[in-house]
Amino acid sequence: MQVFGLTAHELRRLQEAGQVRPDEIVSQLSERARQVDGKVCAYVRSDTGLSVDPSSAHAPAAGLLEGVPVSIKDNICTEGFLTECCSRILAGFKPPYDATVIKKLKAAGASIITQKTNMDEFAFGSSTENSCFGPTHNPWDLQKVPGGSSGGSAASVAADEAIIALGSDTGGSIRQPAAFCGVVGLKPTYGRVSRYGLIAFASSLDQIGPLSKDVRDCALAMKVIAGFDPQDSTSVDLPVPDYTAALDKGIKGLTVGIPSEYFVAGLDPEVKSILQEAIAKIKSLGGSFQEVSLPHTEYAVPVYYIIATAEASSNLARFDGVQYGFRAPVSSAANSMIEMYKHTRGKGFGEEAKRRILLGTFSLSHGYYDAYYLRALKVRTLIKNDFDAAFKVCDCILTPTSPTPAFGIGEKMEDPLQMYLSDIYTISANLSGIPAISVPCGFTAAGLPVGMQLLAKPFAEETLFTVAHAYEQATPWHTSKPSLAE
Amino acid sequence: MEYKGYEIVVGLEVHVQLNTKTKAFCGCSTDFGNAPNSQTCPVCLGFPGSLPVLNKVALEYAVKVGLALNCQVPEFTKFDRKHYYYPDLPKNYQISQYDFPVAKKGFLNIEAEGMSKRIGITRVHLEEDAGKLMHKEGASLVDFNRTGIPLLEIVSEPDIRSPLEAYAYLTALKSVVEYLDVSDCDMEKGSLRCDANISVRRKGDTSFGTKIELKNMNSFKGVKDALEYEGKSQIDFLTQDNDPTIVGLLSQETKLWDPKKGITVTMRTKEEAKDYRYFPDPDLPPFIITQQKREEIRGSLPELPEAKKERLVKEYGLSLYDAGVLVADKKGADFSEACLKAYPGNDKKPMVNWLIGPLLSEANSRNTGIADLVIPGGIEELVGLVRLAAEEKISHLSAKSVLSESLAGGTEASRIIKDKNLIQISDSGALEGAADEAIKENPKSAQDYLQGKTGALMFLVGQVMRKTGGRANPKVVQEVLKRRLEHAH
C-alpha cells in the first residue's frame, strides 16, 4: 500500500488496523525522497534517502503521532544530528541535546527524520534561497520558490516527503511557505510552544509550529508540541487544550473580521479574487463578517525589521569560531584572536545574514537606540493594541497569507525590500504575539497555490482550528497534489 | 586625602560572587576549584538554542544586599544584554542589568580616619560572571566553570575622598555581605573584585574632573595603594609648572594597577571605549518583586554590623571602638557575643579585653578569625579562664600562657591550671611566712626600703614570687611585705 501521501491521522488508523508498520512508512518516504528530492531539494544532506533518529521512541501505548515521520527545520536542535541553520558558520555542529519539541515528538511516538529541511540561513529570508546548500524548489512549479524561511519544511510536506514538518516563524516563515506550497501552517501564540533548542533569530518573535497536509494533522501536532517548558522563561504555563476537539465545532455563530488595510494596492488581483471566493464560502457555512481596522498595519514591516535585526545581531554574536562550528584559519600574527573573529564571521555568514547583523548593530548603537529600537517597541505596542481592539468585535481575522503567489527563483534576490514586503500580512502576528494559521484556499490560473490566513486572540488556536477545518472540509484544495513535473 | 591643595574623588564598583548552589541562569554547580569545564551545560556555554532561566535565589540575594545597603528595591526589574567580544564570554554578551537594577539609591556608613561618613550607593544589580582565560605556551585556554555564576555589581556614588575611606568602605561592605551570608567575599578566589573611578579637583571645587577607571587591584590594600598612587600622579600632572590652565587635559582612560611595580599603566583610552549595545534580554521577561515579597525579605535580614555594634555598646557597655573591632566579621561577632553572654556579672570589660587582646592575637598568629580558634572545652572554659584572671585568682601573665598552651596542646584551661597549680595565693596569712623569710634573707633590701628606697620593695616581691613558684598574688605580696617590714621595725 502506498502511504507516503497520507496524513498522520490516516496513518494512525491504518496502524491501528495493523495495515502498516512505522518502518514501512519510513522506507516509503525515504524512497519517495530519493525519487523527488533531487528536484525539490526540501532536505539538506539527503543524498542517500532519509533516516530516522534511532532514539525516536515507539511506545507500546500508541502516542498521538505513533510512527509518523516528521521533518525538522535545520534550526531546531536534534541531539547528535547536524543542525546548521543552513549556514556555513555552523558547519559540523551536532547539538549535545534535543530541543524540547523534539523530546515531545519522540514521547508521542513520532519518527524524527534526521536529514533536516532547507531554510534561509538563520531564517533570514522569504524564499529559502539564502541557504548555504542552495535553494529549495516549489513542488508546484520547480522554477518558483517555496517561500521561506521554512521553505524546506513546507516543500517536504507538499511533495509527500514527510507527513508533518516542524518550522519556525519569526515573521511569516511558516505561513508564507505553507501558502506558497499549498499546505497548512500554524504560527502558535508566542509562549505556547517552547523555544528551547530553537536556534534563535529574534527571540521575542520566534515560535516553532507545524506544517501539515490538513488542519487535523496540524491540531494533532500542536497537541503534542505545545505546553509550558520550565527551560523557556517565555513559555506560558497554561493547560494545553484538546485541539482536535475544536475541529468539528462549526463556524456558525462566529464572527470573522476583515481588515480594510489588507485588501489594498499591492495585493495581486488573482489572489484577491480567490480570497473573496473563500470569504463567500465561509459566509455560506454560517460565518458572519465584520469589517475591522488595523490602522498601524503600514508600520509593521519597518518595525519588524528594526526589532528582528536588533535581536538577531545579538543572538548571532555567539557564532565566533571559539567553541563550535566553522573557524577560519588565521596566521599566528599579533591580535590573532580579533583576526579569528573577523575571518570566521566574514567567511561564515552569508550576505543576508551580514546585512541583518549590520542593521541590528546599528539600531542598538549608542545614540541610535532611542530613535530606532525604542521607538519600534512603542509602535509594536500600537500594532498589538490594534488587534486587541479588533478582537473585541470579531472572533478571528481573515487575510491573504501573502500578497502574491510563489515568485520565481532569483526574481527578488537583488531587491531585499521587495523580498521583505512578501511578509507584509504575516509579520503583525509575530509583533503582537497572536496565533495565525495559513490554509490553502485555491489555485491561480498558472496552478500555484494561494493561502488564506486566519488570526485569533492569544491562546485562541482552537478558534483557528474550528474555522480552518470547517472551510477545508467544504473545499477540495487540500486534496490536490503537485505533479512535480519539470 | 589632600595633596597640593587638591583632593581625590572616588567611586567604587564592587563585584561580589553570590554563593548560590547553582549558577544564575542554569542548574550547573558553582563549586570552586574543580576540573576545568566540568561544571558546564549548553546554557552556560551559550550553545545555540539554549535559553536562560533565572535562579530565583540569586535574585533574592540581590534584594537582600540592596535592602541591607538601605536601597530602594523597586517592584520592576529586568535583565539586559551587554555585548562585547571575548573568548571567556560564550554568547559574546553578558546578561546584566542596565536601566532597572534590582536596587538603587542606598548608602553605607563607614568609619575612617576617626570620622563617621555616609557613602551613597548608586545601584546594586545582578549579572552573570564570565569564564577564566589562561595563557599557556602560546595558546589560550578557557575554563567556563565560572561562566554564569551570579555576580552582584555594587556601585558607589563618587563620595569617597581618600584611599583610607575607600579601604573603610570596602571593609564595611564586605562585612555587610558576610553578615547576609550571600558570598564568600574572598578576593583571592575572586569572589570579591573591585574597580575604582578616580578624578581629582582643587579642594573646594564642586565640579568633577576627568575620570580614570582603575582595574586589577587584587586586595583592599591594593585598592588603597592604587588610589594613592593614581591620585598623586594626577595631581602632580595637573600642578606641573604651577599652570592652572592645564586642568582638563587629563584624558578619560582605563588603567591597570601593577602591584609589583606599584604603578598604574594605561589599558585603553576613550577612543577605544566600547559600545555595549545594551538592550532588554528578550529571553527573560521582566520580574516583579512585590511589596509583600520585599518586606518578607526585609524581615528575614539578620542583624547587620552597624546595628550589632550599637547594641553591643548598649547591652554590654562596650566602647564604640571595641564594639567596632568585634563586629567587623560576622562569625567573630557571634562568637564574641556568645562569650559576653556567658560571662557572668554586669562588668563585661574583662571579657572584651580578652577578646580584642589575647584571643585576637592568637587568631592573628594563626591567620584566622577568633571564631575559628578551636578552644578546648569551648566557650565555658574560656570564660572560666578570663574570670579567674579578672578575679586575680591567677595572674594575667600565667592566664595568657594557659590560653596559648590550651590552644596549642588541646588541653582545657582549667586542667592546665590545676596540673600546674596556678591558682594565685591571695591569702595574706598564707604569704606571711614567705615574706618574713625574704626579709630575713635580704636585710639590705629591707633596710633600703625603710630608708625610703621604694624600689627595694619590688625586689622583695620578686623573691616572694620565686618562693611561691609565681603563684602569689603580687599585689597581696606587696601589702604583706609592707606590713611585715613596718611591723618588724
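Note that the structure is a prediction, hence the values are computed from the model and not measured. (Residues numbered from 1 in each chain as written. Chains lettered and ligands numbered in written order. Predicted model: local features only at pLDDT ≥ 70, side-chain atom pairs only at ≥ 80, totals over all residues.)

Student: Help me understand the environment of Gly171(A), please; the structure alone is not making it clear to me.
Tutor: Residues and elements named next belong to chain A. Tracing the sequence through the fold places Gly171 in the loop between β3 (164-169) and α5 (175-181). Among the residues examined, Gly171 registers 30 C-beta atoms within 10 Å and is labelled buried. For the pair Gly171 and Cys86, spaced 85 residues apart in the sequence, the C-alpha separation amounts to 18 Å. (Helix = DSSP H or I, 4+ residues; strand = E, 2+ residues; numbered from the N terminus. Buried ≥ 20, exposed ≤ 12 C-beta atoms within 10 Å, placed from the backbone.)

Student: Is there a simple way to think about helix α10 (residues 351-364) of chain A in this case?
Tutor: Residues spaced three or four apart along an α-helix face the same direction, because each turn holds 3.6 residues. With 14 residues, α10(A) should cover 20 Å at 1.5 Å per step; its first-to-last C-alpha distance of 20 Å lies within 8% of that length. All of the buried residues along α10(A) are Ala353(A), Arg356(A), Ile357(A), Gly360(A), Ser363(A) and Leu364(A). Down the axis of α10(A), the sector holding all buried residues measures 135°, keeping them to one side. Exposed and facing more than 90 degrees away from the buried side of α10(A) are Glu351(A) and Leu358(A). Close packing links the buried residues of α10(A) with α8 (300-315) and α11 (370-390) of chain A together with β15 (279-280) of chain B. (Expected span 1.5 Å × (residues − 1). Arc of directions from axis to C-beta. Contact = placed C-beta atoms within 7 Å.)

Student: Looking at this structure, how should I read helix α5 (residues 305-316) of chain B?
Tutor: All names here are of chain B. In a regular helix each residue adds 1.5 Å, so 12 residues correspond to 16 Å; α5 covers 16 Å between its end C-alpha atoms and thus fits that length. Looking at α5, one finds that the buried residues are Pro305, Lys308, Lys309, Leu312 and Tyr316. Each buried residue of α5 sits inside an arc of 105° when the element is viewed along its axis, so together they form one side. Tucked inside the fold, the buried residues of α5 contact α2 (163-180), α6 (320-327) and α7 (330-342). Just downstream of α5, Gly317 is the residue with a positive phi angle, here 65°.

Student: Just to check I follow, could you spell out the packing of helix α10 (residues 396-409) of chain B against helix α11 (residues 413-420) of chain B for this structure?
Tutor: Packed helix pairs are characterised by how far apart their axes lie and by the angle those axes make with each other. Residues and elements named next belong to chain B. Running from amino to carboxyl end, α10 crosses α11 at an angle of 120°, the nearest separation of the two axes being 9 Å. The orientation of α10 with respect to α11, classified from their angle, is oblique. In the packing of α10 onto α11, the handedness of the crossing is right-handed. For the pair α10 and α11, contact is made by Val402, Leu403, Glu405 and Ser406 and by Ala413, Ile416 and Ile417, respectively. (Axes fitted to C-alpha atoms, helices over the stretch in contact; angles between N-to-C directions. Parallel < 35°, antiparallel > 145°, perpendicular 65-115°, else oblique. Left-handed = near helix turned anticlockwise from the far one by under 90°.)

Student: So what exactly am I meant to see when it comes to the sheet that holds strand β8 (residues 396-400) of chain A here?
Tutor: Sheets are built from strands paired through backbone hydrogen bonds, the pairs being either parallel or antiparallel. All names here are of chain A. In space, the 10 strands of this open sheet follow the order β2-β1-β3-β5-β4-β9-β10-β8-β6-β7, with mixed pairing throughout. Strands with a single pairing partner mark the edges of an open sheet, and in this sheet they are β2 (111-112) and β7 (288-292). In the packing of helix α4 (residues 151-158) onto the sheet, the strands contacted are β1 (69-72), β3, β4 (184-187) and β5 (207-212), and the crossing angle to β3 comes to about 155°. (Pairing = 2+ DSSP bridges.)

Student: Would you mind going over unusual backbone geometry with me for this structure?
Tutor: Glycine aside, negative phi is the norm for most residues, and most peptide bonds take the trans geometry. Backbone torsion omega between Gly148(A) and Ser149(A) reads 10°, so that peptide bond is classified as cis. By secondary structure assignment, the location of Ser149(A) is in the loop between β2 and α4. At Cys85(A), a position not held by glycine, the phi torsion is positive, near 55°. A tally of 30 C-beta atoms within 10 Å means that Cys85(A) is categorised as buried. A positive phi angle is found at Glu113(B), which is not glycine, with a value near 50°. Mapping Glu113(B) onto the fold places it in the loop between β6 (103-112) and β7 (115-128). Classification of Glu113(B) as exposed rests on a count of 11 C-beta atoms within 10 Å.

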